[in-house]
There are 2 protein chains.
Amino acid sequence: MKKSLIELKDLARIARGDILKMTTVADSGHPGGSMSSIDMYLSVLNRANLFPDNPYDPDRDRIIVSHGHTSPGYYVALARMGFVNIEDVITGFRHVGSVYEGHVTRGIPGVEWSTGNLGQGLSAGVGMALAAKLTNKNYKVYVFSSDGESAKGQIAEARRTARKENLNNLIVLLDYNDIQISGRARDILYVNIAAEYRAAGWNVIEIDGHDLKQINDALEIAENQKIGPSVIVAKTIIGKGVSFMENTPSYHGKALSLEELDKALKELGLENDVHKYIEKRKQLSLKREENNYPNIELDVEVGEGKNYKKGEKVANRNAFGNAIADLAVLNKDKFPVVAVDCDLKPSVKLEKFEKVNPDGYIQIGIEEHNAATIAGALSISGVLTFFADFGVFGLDEVFNQQRLNDINRTNLKTVVTHCGTDVGEDGKTHHEINYIGIVRNYYHTKLIVPCDANQTDKVVRYAAKTPGNIIIAVGRSNLPVLLDEEGEVFYDENYEFRYGEVDLLRKGEELTILTYGSFTHIAVEASDILRKDGIKISVIGVPSPLCFDIKSFRKYIEGKIVLTLEDHNVNSGLANELSRAMIENSIYPKSFQPLGLKDYAPSGTNKDILKLSGLDVDSLIIKIKDLIVKK
Amino acid sequence: MKKSLIELKDLARIARGDILKMTTVADSGHPGGSMSSIDMYLSVLNRANLFPDNPYDPDRDRIIVSHGHTSPGYYVALARMGFVNIEDVITGFRHVGSVYEGHVTRGIPGVEWSTGNLGQGLSAGVGMALAAKLTNKNYKVYVFSSDGESAKGQIAEARRTARKENLNNLIVLLDYNDIQISGRARDILYVNIAAEYRAAGWNVIEIDGHDLKQINDALEIAENQKIGPSVIVAKTIIGKGVSFMENTPSYHGKALSLEELDKALKELGLENDVHKYIEKRKQLSLKREENNYPNIELDVEVGEGKNYKKGEKVANRNAFGNAIADLAVLNKDKFPVVAVDCDLKPSVKLEKFEKVNPDGYIQIGIEEHNAATIAGALSISGVLTFFADFGVFGLDEVFNQQRLNDINRTNLKTVVTHCGTDVGEDGKTHHEINYIGIVRNYYHTKLIVPCDANQTDKVVRYAAKTPGNIIIAVGRSNLPVLLDEEGEVFYDENYEFRYGEVDLLRKGEELTILTYGSFTHIAVEASDILRKDGIKISVIGVPSPLCFDIKSFRKYIEGKIVLTLEDHNVNSGLANELSRAMIENSIYPKSFQPLGLKDYAPSGTNKDILKLSGLDVDSLIIKIKDLIVKK
């Protein structure tokens, strides 16, 4: 049952007390902004199609709190509207044993997106609002934002996509309290927020953010817009409701002392029962259960896969393009299959996909931050989501967006092309030579670097059906279909990709090369040439460079001359991973030689770059012969 | 001698032929946009206070080409205006043996900033224009931009800072050819460019970008603005000057065939001498000299340093705050000392600095991408530049901006605070636990993690006087002044920080711990407690975790039980670096135990987090005793 404005008003008064208690109990947190946003939090929860008895209903309205540090306000609103337990919230806030973390965290009913890094929430909202359109659902998406974060460029990006896609189911409520950590927002960096939204083609409604009637009237208008997204710019007062806190920057991120709390609760007409919570908090244990993430798995049909033939030369990015087009057709009647692109359609090979599945092709333009977050949000909203981009844009440029996707445990399949120095002539800014070094920092994201079209095909299908974030890194150039020692297709129709498994591509006693991706062909070619000279070496393909069991190939390492060969910064790639595995398992080589890029490479053909860097077949053969003679 | 408009017009015709030749010779590159920008490139070079005989004059006007893929146009303009040799440009473009890379690259006369990643150029221009104001110079900064990159959020950020700082010496020339890789810009993502600049308070001038008179008149107006920065939005035609190329998206990134080139040169009334260059290109060697970076070193006075006393408890961020304030005073009369802040003044301890040096305190607001690039540009413009931010914002959020600073070989001192889980209650989005894992990917940036206030003081002064990019990572909490085994100050007045040197903090035979930063105190405390039980272990401080000589402490590793203890993702930190060094030098431990964070930590007090993660003193002591018994 929806509450009346009078009931809401009283609830807001009680909620303000809760906010102050929980931050004092935690001796930490952000009471000021929570109190400027609380009237809007309660109003939206009171209107939204979102209910405590089924908080993960696929048709539910979504709420995102982009200024995630106002978590006290939002948690309290959730509690007072029946989604979570108020005692748990007040007792546990910011305690390691509680799910009520310092910034709102996904996996609590009513929290759709973990935030904390400012500026990403609107993109997440755009992703979810877009998902509603793609899945033919009527739900609305409410995004809470603030004046402070409005300076972030990613918000300007997200605004454009919202307008382009005509997301009239998207409503932003912007808490304009004019206070940031360092003082008045207008002094720190004046952002003409309403003008910027208007210039981007949004519906702009300006209100008093503490007037419940104005809030509700504005929501009524925004919810019924036919054209374009809406923003409600709400003038608010930091610390609203407690006289000595109002308009005072120092209460942005500081809890009240016990004395101040007592004074504030008196002013709010509330009982001071804070000591009860302080005592209860002492009983909390350090361990707690994992957040209860809603199920986001899709029943993906991946088909038989495509078998590229001996003698064919196909770029891995093309194999991706073929596979994703196939996946779109196979799952056509089950759920939307989407590819998010940043103006690189021909390069990342999405043309075929767009042809067979035009609605699933999402052009974001040159806005990678926005694109990465939109893609992450889509991926947990009933849409099989790929994000295709050049490596430097899909990883380096969006390190923190991919990290937040990792924290949010999204289900995104990122395919980064033009990795290594394979985009040679474009030069060092465009050479993605950190893909292992970047993904290594994420705890829950898999990295796969396939080496030919057959493996790429299997890997793309594996990623599609395997829950969680997966990054697939490929190059630009055409590559031969990889053959085994007998000259037959290595990754044939019986091949199944298993994450963490290595591939014994060539077998020999003298020396072992570990490699992955396009450089696999250099290692194999060198091996085949050397074999004619009677020198037999092993080549081990490591398509999952962040996950392998060194014990499974111990005999190729222990006491051997071992080389790593990588299209990657030699300081941050497989050589490090392998060294770590060697040391942790006490499996020691006779000698170890890491080969890779020792500096940014210049602009030039990839062939010239490899030659210059000593990473071409000829250099490798000389190096191997030298090492074998030396031993 | 400045050229007349008639002379310029003819030069533009010749330059168009040069662009087409060089891209055909390279069989690569972006002729279309180069031809839409060339009239503006020549016009600006013809007006600017920038001359071939002294291209690095500190008073010169600065030119930044943000859409760096139009390098053919800009290189040719530089050549035709006498800055570089036209034969070298046409012959060498995009060849590994040539400095004329695919995207404009710093270290060529007239190129102030390497670009390639779109959206960063305007921030670099803002940085340089700000440097002019700070150093009391009159130079102007011209930034070339494009419609395609205007979608990037960082540009919206940079616009605001330009207006806030009233940079009337900043002029943007925006090539609006309405073509991107995937088609018409307006279809990909409509950005109302002129309206957005106007909303941000800029002077906007709209012109025909191929009319030399209009270009020059607009520049005249913009150069004489008293208030605010100016943008010249220039409507242009991609491929301008060759009928079959005009307005054709496919010529964005495709060189002409030899036949097409011949046709185009005929239309331009130019001789086809392309074969001469094709032949010359074959003679180029793969190796070339380093780019000729202008000297950016400053003669920095670092003083005697501050000595924190035994018994004091001081946070490393406070030691930084004290040191930078000291540096500002010491160098007051020599050059500006600047600290770039993103609305975290009290947290990153810049209040004292602002007090003694108000002009040097630069408040960018919550715009980290913009801030990181501005700081990089300032650092090569006669300003001693610090960028202070939380770790997650100064590293994770700006991975690619810091990478471009690394590529540009800037002179930036980044101080990231609140590293590790030391900002405990704010939760996982705010825990910077990748600082080693991130910086490992940069080739030319040093990382230093000091462990107490005395070492921090020395490190900040070392960074100030040492050229190049240096990142200093510190935590939040107060820490004791580190003492030696005799109870005296370890980093005393005789201590000098040397990059790559390790510190033997405790000496014992039974086991060795390697650590850095705030965790040093945990290791030392555990060691001191264990000593009372008769167990002596070694503790080695590794303040430069990306650079150490394992041979210098071989005897503490070889055959020993070795632990790494780090306030960092256990998968991407010192444990990897050390493993690599062990393997490459065949220095093997008896056993190896990496201790660090195995997953994102929850929100809570740092004490609770460490306990939960088994990284507090008690857990460490149990672990050590267990390992020693086992042996």
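Residues numbered from 1 in each chain as written. Chains lettered and ligands numbered in written order. Predicted model: local features only at pLDDT ≥ 70, side-chain atom pairs only at ≥ 80, totals over all residues. Heavy atoms only, no water.

Chemist: Sorry, what's going on with the overall build of chain A here?
Modeler: When you go through chain A residue by residue, the secondary structure sums to 22 helices and 20 strands. In terms of overall size, chain A behaves like a compact globule, its C-alpha atoms giving a radius of gyration of 28 Å where 631 residues would be expected to give roughly 25 Å. Expressed along its principal axes, the backbone C-alpha trace of chain A runs to roughly 90 × 50 × 45 Å. Scored against the burial criterion, the 631 residues of chain A give a buried share of 68%. For chain A, the exposed surface amounts to about 20200 Å²; the carbon and sulfur share of it is 47%. Between the mean site of the 76 positive side-chain charges and the mean site of the 86 negative ones, chain A shows a separation of 1 Å. (Helix = DSSP H or I, 4+ residues; strand = E, 2+ residues; numbered from the N terminus. Rg over C-alpha atoms; globule rule 2.2 N^0.38 Å. Buried < 20%, exposed > 50% of the residue type's maximum accessible area, 1.4 Å probe, protein only. Areas by Shrake-Rupley, 256 points an atom, 1.4 Å probe, with all protein chains shown as cover. Lys, Arg positive; Asp, Glu negative; His and termini not counted. Charge placed at Lys NZ, Arg CZ, Asp CG, Glu CD.)

Chemist: Got a minute to help me understand the interface of chain B and chain A in this structure?
Modeler: Buried accessible area, meaning the area lost when the parts come together, often serves as the stated size of an interface. In this assembly, 109 residues from chain B lie in contact with 109 residues from chain A. Summing both partners gives a buried area of about 8900 Å² for chain B against chain A, and 53% of it is carried by carbon and sulfur. Inspection of the chain B/chain A interface yields 12 salt bridges. Applying the counting criterion to the chain B and chain A interface returns 49 residue pairs in polar contact (both at pLDDT 80 or more). (Contact = heavy atoms within 4.5 Å. Buried area = accessible area lost by both parts, 1.4 Å probe. Salt bridge = Lys/Arg side-chain N within 4 Å of Asp/Glu carboxyl O. Polar contact = N/O pair within 3.5 Å; in protein donor to acceptor, adjacent residues only side chain to side chain.)

Chemist: When you look at the sheet that holds strand β11 (residues 384–390) of chain B in this model, what are you seeing that I'm missing?
Modeler: Pairing between sheet strands relies on hydrogen bonds along the backbone, with the strands arranged either parallel or antiparallel. All names here are of chain B. Taken in spatial order, the 6 strands of this open sheet run β10-β9-β11-β12-β14-β13, and their pairing is parallel. Every other strand in the sheet has two partners, leaving β10 (361–363) and β13 (446–448) as the edge strands with one partner each. Here the strands of the sheet are splayed against their neighbours by 20° on average, with no regard to which way each runs. The pairing of strand β9 (residues 337–341) with β10 spans 3 bridges and is classified as parallel. Bridge assignment links Asp-341 to a residue of β10, and that residue is Gln-363. Packed on one face of the sheet, helix α14 (residues 368–379) meets β9 and β11 and runs near 160° to β11. (Pairing = 2+ DSSP bridges. Axes fitted to C-alpha atoms, helices over the stretch in contact; angles between N-to-C directions.)

Chemist: What is the right way to read the packing of helix α1 (residues 5–26) of chain B against helix α11 (residues 274–282) of chain B from this model?
Modeler: The angle between the axes and the distance between the axes are what describe a pair of packed helices. Residue and element names in this part refer to chain B. It is the contact of α1 with α11, at a shortest axis distance of 10 Å, that shows an interaxial angle of 40°. In terms of orientation, α1 and α11 fall into the oblique class. Judged by the twist between their axes, the crossing of α1 over α11 is right-handed. Seen from α1, the contacting residues are Lys-21, Val-25 and Ala-26; seen from α11, they are Val-274, Tyr-277, Ile-278 and Arg-281. Of the residues belonging to the contact of α1 with α11, the class tally is 5 nonpolar, no polar and 2 charged. (Parallel < 35°, antiparallel > 145°, perpendicular 65-115°, else oblique. Left-handed = near helix turned anticlockwise from the far one by under 90°. Nonpolar A, V, L, I, M, F, W, Y, C, P; charged D, E, K, R; others polar.)

Chemist: What exactly am I supposed to notice about the side chain of Asp341(B) here?
Modeler: Relative to the helices and strands, Asp341(B) is located in strand β9. The buried charged residue Asp341(B) lacks any salt bridge, with Lys345(B) as its nearest oppositely charged partner at 6.4 Å.

Chemist: I would appreciate a short explanation of the packing of aromatic side chains in the present structure.
Modeler: Within a pair of aromatic rings, the relevant descriptors are the distance that separates the centres and the angle that separates the planes. Throughout the structure, instances matching the rule amount to 32 aromatic pairs over all chains. Judged by centre distance (6.1 Å) and plane angle (45°), the ring pair of Phe320(A) and Phe386(A) falls under tilted. Separated by 66 residues along the polypeptide, Phe320(A) in helix α12 (residues 316–330) and Phe386(A) in strand β11 (residues 384–390) bring together distant segments of the chain. For the ring pair Phe244(B) and Tyr251(B), a centre distance of 6.1 Å and an interplane angle of 70° mean the geometry is edge-to-face. The exposure class of Tyr251(B) is buried, given its relative accessible area of 7%. (Phe/Tyr/Trp six-rings, centres within 6.5 Å; stacked < 30°, edge-to-face > 60°.)

Chemist: Mind showing me how you'd approach the sheet that holds strand β2 (residues 141–146) of chain A here?
Modeler: All names here are of chain A. Reading across the sheet, the 5 strands line up as β1-β2-β3-β7-β6 and stay open at both edges, with parallel pairing between neighbours. Each having just a single partner strand, β1 (62–65) and β6 (203–208) make up the two edges of the open sheet. Geometrically, the sheet is characterised by an average inter-axis angle of 20° between neighbouring strands, direction not taken into account. Pairing of β6 with strand β7 (residues 230–235) involves 6 bridges; the strand directions are parallel. Paired with Val-204 across the two strands is Val-231, which belongs to β7. Along the sheet, helix α5 (residues 121–134) makes contact with β1, β2 and β3 (170–176), crossing β2 at roughly 170°. Strand contacts of helix α9 (residues 212–223): β2, β3, β6 and β7, with the helix running at about 170° to β6, the strand carrying the most contacts.

Chemist: Mind showing me how you'd approach the pattern of salt bridges here?
Modeler: Oppositely charged side chains are able to pair whenever their charged atoms sit close together. Scanning the model with the defined rule gives 85 salt bridges over all chains in all. With a closest N to O distance of 3.1 Å, Glu206(B) and Arg198(B) form a salt bridge. For Asp528(B), the salt bridge is made with Arg531(B), and the minimal N-O distance between the two is 3.8 Å. Here Asp528(B) and its partner Arg531(B) are both found in helix α19 (residues 519–532), 3 residues apart, which amounts to about one turn of the helix. Counted as one network, the salt bridges with shared partners bring together Lys21(A), Glu87(A), Asp273(A), Lys276(A) and Lys280(A).

Chemist: Got a minute to help me understand the environment of Lys345(A) in this structure?
Modeler: Counting through the fold element by element, Lys345(A) comes out in the loop between β9 (337–341) and α13 (351–356). Residue classification places Lys345(A) among the buried residues on the basis of a relative accessible area of 15%. Along the primary structure Lys345(A) and Tyr361(A) are separated by 16 residues, whereas in three dimensions their C-alpha atoms are 9.4 Å apart. Ignoring any residue separated from it by four or fewer positions in sequence, one finds Lys345(A) in contact with Leu350(A), Glu351(A), Glu354(A), Tyr361(A) and Ser182(B). Within the local environment of Lys345(A), its side chain forms a polar contact with the side chain of Glu354(A), the two groups lying 3.0 Å apart.

Chemist: I'm lost on the nonpolar core in this one. Help?
Modeler: Within soluble globular proteins, side chains that are nonpolar tend to cluster in buried spots. Counting 308 residues, the largest nonpolar core has Leu170(A), Tyr197(A), Phe553(A), Leu170(B), Tyr197(B) and Phe553(B) as the members making the most contacts within it. In this structure, Phe553(B) is in contact with Val502(B), Leu514(B), Ile540(B), Phe548(B) and Leu578(B), ignoring residues within four places of it in sequence. (Core = buried A, V, L, I, M, F, W, Y, C linked by side-chain atoms within 4.5 Å.)

Chemist: What is the right way to read the UniProt feature "domain: Transketolase-like pyrimidine-binding" (unreviewed entry) in chain A from this model?
Modeler: Here the UniProt feature "domain: Transketolase-like pyrimidine-binding" (unreviewed entry) sits at residues 314–481 of chain A. In the segment residues 314–481 of chain A, helix accounts for 39% and strand for 19%; the C-alpha atoms at its two ends are 7 Å apart. (UniProt positions renumbered as here; feature names shortened; annotations may be inferred.)

Chemist: What should I look at first to understand the relation of the copies chain B and chain A in this one?
Modeler: These two copies of the chain differ by a rotation about an axis and a displacement along the same axis. Expressed as a screw operation, the relation of chain B to chain A combines 0.0 Å of axial shift with a rotation of 180°, fitting to an RMSD of 0.0 Å. Such a turn and shift between the copies fits a two-fold axis. Closest approach to the rotation axis within chain B is made by the C-alpha atom of Gly153(B), at a distance of 1.8 Å. Both copies share a contact surface, since 100% of the interface residues of chain B are interface residues in chain A too. (Least-squares fit on C-alpha atoms with pLDDT ≥ 70 in both.)

Chemist: Looking at this structure, I do not really get the pairing of strand β14 (residues 470–473) of chain A. What am I missing?
Modeler: Working note: regular strand, side chains alternate between the two faces of the sheet. Residues and elements named next belong to chain A. Going residue by residue along β14, you find Ile-470 and Ile-472 tucked away on one face and Ile-471 and Ala-473 tucked away on the opposite face as well. For strand β12 (residues 413–417) and β14, the ladder comprises 4 bridges, and the chain directions are parallel. Bridge pairing links Val-415 to Ile-472 in β14. Note that strand β13 (residues 446–448) and β14 share 3 bridges and pair parallel. What sits directly across from Ile-448, in β14, is Ile-472. Viewed along the sheet, the connection from β13 through helix α18 (residues 453–465) into β14 turns out right-handed. (Right-handed = clockwise from strand over helix to strand, strands pointing away.)

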